[in-house]
Amino acid sequence: MNDVKEEKLEYYQCLKLLEYLVEIGLIQKNPQIPSDILVFCEGNGEEYPEGWYSENIFDAARDLVNKPDDQRILLDAIAEKGFKKPELPKFETVRLDVEKFFN
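One structure accompanies this document, and this report is about it. The residue numbers shown here count from 1 along each chain, following its written sequence. Since the coordinates come from a predicted model, pLDDT governs what is reported: local features require at least 70, and pairs of side-chain atoms require 80 or more to be given and counted, while whole-chain, interface and lining totals use all residues. Only hydrogens and water are set aside when side-chain values are computed; all heavy atoms of the structure are taken into account.

When the centres of two rings from Phe, Tyr and Trp lie within 6.5 Å, Trp using its six-membered ring, the rings pair. Their planes under 30 degrees apart give stacked, over 60 give edge-to-face, and anything left gives tilted. If you walk through the whole model with that rule in mind, you get 1 aromatic pair. Taking 5.4 Å as the distance between ring centres and 70° as the angle between the ring planes, the aromatic pair formed by phenylalanine 40 and tryptophan 52 counts as edge-to-face. With a gap of 12 residues between them, phenylalanine 40 in strand 2 (residues 33-41) and tryptophan 52 in strand 3 (residues 51-56) connect regions that are remote in the sequence. Helix and strand definitions here come from DSSP, where helices need a minimum of 4 consecutive H or I residues and strands a minimum of 2 consecutive E residues; each element is numbered from the N-terminal end.

Okay, here's the thing in structure tokens:
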């Protein structure tokens, strides 16, 4: 049994994860809207039936932050398909890099 608690990904990490999934071809960008990715939704009544939808990658990353089970599913899919695990930088690292730039 694994007692190590896995951390929930931060927003920036979720964004980088989605970008990596696009890069390796496990998810697709919308060819007509380059800032969007294609996501499958289970549906929400007649107004939003089950199917594929175009969603802004930044909005998708924001939604993914609150879904650690979905984060794990995406990371597992990477491993199952034989791709290397992506390096997902911590926000603190990004913040320090930005501070170096402005100081």
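Further remarks concern the packing of helix 1 (residues 11-24) against helix 2 (residues 57-65). Their axes nearest at 8 Å, the elements helix 1 and helix 2 cross at an angle of 125°. Relative to helix 2, the element helix 1 lies oblique. Handedness of the helix 1/helix 2 crossing: right-handed. Two secondary-structure elements touch here, helix 1 through Tyr11, Cys14, Leu15, Leu17, Leu18 and Glu19 and helix 2 through Ile57, Phe58, Ala60, Ala61, Arg62, Leu64 and Val65. Class assignment of the residues belonging to the contact of helix 1 with helix 2 gives a composition of 11 nonpolar, no polar and 2 charged. Comment: axis = line fitted to C-alpha atoms, over the contacting stretch for helices; angle = value between 0 and 180 degrees taken between N-to-C directions. Here the word oblique covers every angle except those under 35 degrees (roughly parallel), over 145 (roughly antiparallel) and from 65 to 115 (roughly perpendicular). Two helices cross in a left-handed way if the nearer one is turned anticlockwise from the farther one by less than a right angle. They cross in a right-handed way if the turn is clockwise. The contact criterion used throughout is that any non-hydrogen atoms of two residues lie within 4.5 Å. Each residue receives one of three labels: charged for Asp, Glu, Lys and Arg, nonpolar for Ala, Val, Leu, Ile, Met, Phe, Trp, Tyr, Cys and Pro, and polar for the others, Gly being one of them.

The subject of this paragraph is the pattern of salt bridges. Side-chain pairs of opposite charge can arise where the charged atoms are in close proximity. Definition used for salt bridges: Asp or Glu carboxyl oxygen within 4 Å of a side-chain nitrogen of Lys or Arg. Counted by the stated rule, this structure contains 4 salt bridges. Aspartate 76 is the salt-bridge partner of arginine 72, the closest N and O atoms lying 3.6 Å from each other. Here aspartate 76 and arginine 72 lie together in helix 3 (residues 68-80), a separation of 4 residues that amounts to about one turn. Overall, aspartate 76 belongs to the partly exposed group, its relative accessible area being 32%. Through salt bridges with shared partners, one network takes in Asp59, Arg62 and Asp63. A 1.4 Å probe rolled over the protein chains alone gives each residue an accessible area, and that area as a share of the maximum for its type sets the label: buried under 20%, exposed over 50%, partly exposed in between.

This paragraph deals with the pairing of strand 2. A regular strand places its side chains on the two faces of the sheet in alternate fashion. For strand 1 (residues 29-30) and strand 2, the ladder comprises 2 bridges, and the chain directions are antiparallel. Residue pairing across strands places asparagine 30 opposite isoleucine 33, the latter belonging to strand 2. Between strand 1 and the antiparallel strand that follows it, strand 2, lie 2 residues. Two strands qualify as a pair provided DSSP detects at least 2 bridges between them.

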